[in-house]
Each structure stands twice: as C-alpha cells, then as structure tokens.
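Tertiary structure, described
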Amino acid sequence: MALAEPGQRRAGYSRTVGILKVLLPLTALTLLSLVFLLARTVDPTQAISNAEIDVEDRARDPRLSGARFAGVTEDGAALTIVAETARSDPGATMRLEVTGLDLQLEGRDGETMHAQAQDGIIDRGRGSFELGGGLEVTVSPGYRLATERLDGLLDSTRVRAPGAVEGAAPAGTIQAGNMEMRADSTDGAGYVLVFGGGVRLNYLPESQGAP
C-alpha cells in the first residue's frame, strides 16, 4: 500500500484547519442567535397558576418572611420579637411594618412577658415597637391578660399597654385602664408590673378542702 507523502499530509491538514476556521465561527453565531431568539422578559402577571405566592404582588410590595429581632436591654433583659412578615416603610428605612408577632421578654431573675399580636411596627431608628390588633399577654407570676395595644422600647425594659387591660391575675381577675412593666427603680433589680386607670381586682380565694 502506498503511503502519502509528507507534503500531501501537510496539505490535507491545512485544508482541514481552513474549513474549521470557517465552520466554528458560523456555528457560534448560530447558537448566539438562538439564545437571543428564545430569550424573553419575565412577566410577573404570567406566574404559574398553582404557585403559593403572588409573584406580581411580591414584586410590587417586597417583604421578608420569618423575620426575627433579638437583643439585650440596658438592664439585662433578653428581648425577642418574631414576625411572620416584615415590610420596610418606603418613607423610613429603619421602620418595619410587621404581622403575626410573637414577643418574648425575659428578665435577669427569670421574670417573663409573652405577647402575641396580629400586627405592629418596629422602629429601629427610634428604638421602639408597637403591637396591635388584639393581644394576648402572659406575665409572670400568673397574669393572663387581653388588651388592644402594647408599646415598648428596644433598648430598655419598659412595656406599656395604654388602653384597657383585663384578664386573670394570680388570685382572681383584674381590670384596669392601663398597665406598664418596667425595671424596678428602687433597687435596680427585678421588674414591677403597675396597673392604673381605675383598677378592679376580683379576689377569688382558693376553695377550702373538706375538714
């Protein structure tokens, strides 16, 4: 069998390289054209029909789910606020509008306050929070109260219900025009729960056992 001469092999190699130099750029241009033809702008109104979120609404009104705010006050209490959703105020970046709130305040000596609310505001610029929409409040040692609003500070233990408060007390039931939980200023240790605005305490003694 006759073998190709070196010159012939080099000529064939050069022709192959020349063909590839033409074909490869043409192939790249064809693929790039297909990319541009197939690409299209995402239309939020064309969201998947069974999607669990409203894409158009999220694009127009961005918000954070499962937000959590935690810190320690100047007097050593641990404050935690968990919200189902949080949305920044367009007019104040440090102000958040929140829903589905759960507040937990725990003092240095074990005192606790737990509150649940439908909605509220956390203003980090002013260092304050507001809870509203019908609250259930539990305060140690044995208070289970209902009120419409709670105001408080993020950097010190001071939580206030400016409106009517009613519910169960350790020894009965209580009704008051307002309520405040704050650090005890007399000795700086512990916390006090103060009721005001016409307090009515219905004392219910424990039932006596049979002799």
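The model shown is predicted, which means the values in this text are computed figures rather than measured ones.

Digging into the overall build of the protein
- Per the secondary structure count, the protein includes 2 helices and 12 strands.
- Counting from the amino terminus, helix and strand elements in the protein follow one another as α-α-β-β-β-β-β-β-β-β-β-β-β-β.
- Burial status across the protein gives 27% buried among its 211 residues.
- Sequence separation of at least 24 residues holds for 37% of the intrachain contacts in the protein that already meet a minimum separation of 6.
- In the form shown here, the protein has an accessible surface area of approximately 14300 Å², with 55% of it arising from carbon and sulfur atoms.

Overview of the pattern of salt bridges
- As enumerated under the stated definition, the model contains 6 salt bridges in all.
- For the salt bridge of Glu97 with Arg87, the shortest nitrogen-to-oxygen distance reads 2.4 Å. Of this pair, Glu97 sits in strand E3 (residues 92-106) while Arg87 is found in strand E2 (residues 78-89), placing the two residues 10 residues apart along the sequence.
- Among the residues examined, Glu97 registers a relative accessible area of 30% and is labelled partly exposed.

Section: the side chain of Glu111
- With respect to the helices and strands, Glu111 occurs in the loop between E3 and strand E4 (112-123).
- Only 3.3 Å separates the side chain of Glu111 from the backbone nitrogen of Asp109, close enough to count as a polar contact.

Here's the deal with the confidence of the model for the protein
- Averaged over all residues, the pLDDT of the protein equals 77, while 65% of them reach at least 70.
- Within the model, the stretch residues 35-42 combines pLDDT values under 50 with 0 contacts to residues more than four positions away or in other chains.

Some thoughts on the side chain of Asp151
- For Asp151, the position within the fold is in strand E6 (residues 143-153).
- Given a relative accessible area of 12%, Asp151 falls into the buried group.
- Setting aside residues no more than four positions away along its own chain, Asp151 makes contact with Phe129, Glu130, Arg158, Val159, Arg160 and Pro162.

Examining the pairing of E2
- Relative to E2, strand E1 (residues 64-72) runs antiparallel, the two sharing 8 bridges. The residue of E2 that forms the bridge with Arg68 is Val82.
- In sequence, E1 turns back onto E2 through a hairpin of 5 residues, with Gly76 there showing a positive phi of about 95°.
- As paired elements, E2 and E3 share 11 bridges and run antiparallel to each other.

Overview of the pairing of E4
- Pairing between E3 and E4: 11 bridges, direction antiparallel. When the sheet's bridge partners are listed, Asp102 is paired in E4 with Gln116.
- Taking the residues that link successive antiparallel strands as the turn, the E3-E4 hairpin has 5 residues, and the phi of Gly110 there is positive, at about 95°.
- Alignment of E4 against strand E5 (residues 128-139), held across 9 bridges, turns out to be antiparallel. Residue Gly120 lies in a different strand from E5, and its bridge partner there is Leu131.

Overview of the environment of Gly71
- Relative to the assigned elements, Gly71 resides in strand E1.
- Separated by 34 residues in the primary sequence, Gly71 and Leu105 have C-alpha atoms spaced 10.0 Å apart.
- Apart from residues no more than four positions distant in its own chain, Gly71 is found in contact with Ala77, Ala78 and Leu79.

Observations concerning the environment of Leu201
- Along the chain, the position of Leu201 falls in strand E12 (residues 200-203).
- What makes Leu201 exposed here is its relative accessible area of 55%.
- When the C-alpha atoms of Leu201 and Gly172 are compared, they prove to be 7.1 Å apart, with 29 residues separating the residues in sequence.
- Leu201 has contacts with Ala169, Thr173 and Ile174, leaving out every residue within four places of it along the chain.

Brief notes about the environment of Glu84
- By the element assignment, Glu84 lies in strand E2.
- Judged by its relative accessible area of 55%, Glu84 falls in the exposed class.
- For Glu84 and Ala67, which are 17 residues apart along the polypeptide, the C-alpha to C-alpha distance reads 6.5 Å.
- Ignoring any residue separated from it by four or fewer positions in sequence, one finds Glu84 in contact with Leu64, Ser65, Gly66, Thr99 and Gly100.

Rules used in this analysis
Residues numbered from 1 in each chain as written. Predicted model: local features only at pLDDT ≥ 70, side-chain atom pairs only at ≥ 80, totals over all residues. Heavy atoms only, no water. Helix = DSSP H or I, 4+ residues; strand = E, 2+ residues; numbered from the N terminus. Buried < 20%, exposed > 50% of the residue type's maximum accessible area, 1.4 Å probe, protein only. Contact = heavy atoms within 4.5 Å. Areas by Shrake-Rupley, 256 points an atom, 1.4 Å probe, with all protein chains shown as cover. Salt bridge = Lys/Arg side-chain N within 4 Å of Asp/Glu carboxyl O. Polar contact = N/O pair within 3.5 Å; in protein donor to acceptor, adjacent residues only side chain to side chain. pLDDT = per-residue confidence, 0-100. Pairing = 2+ DSSP bridges.

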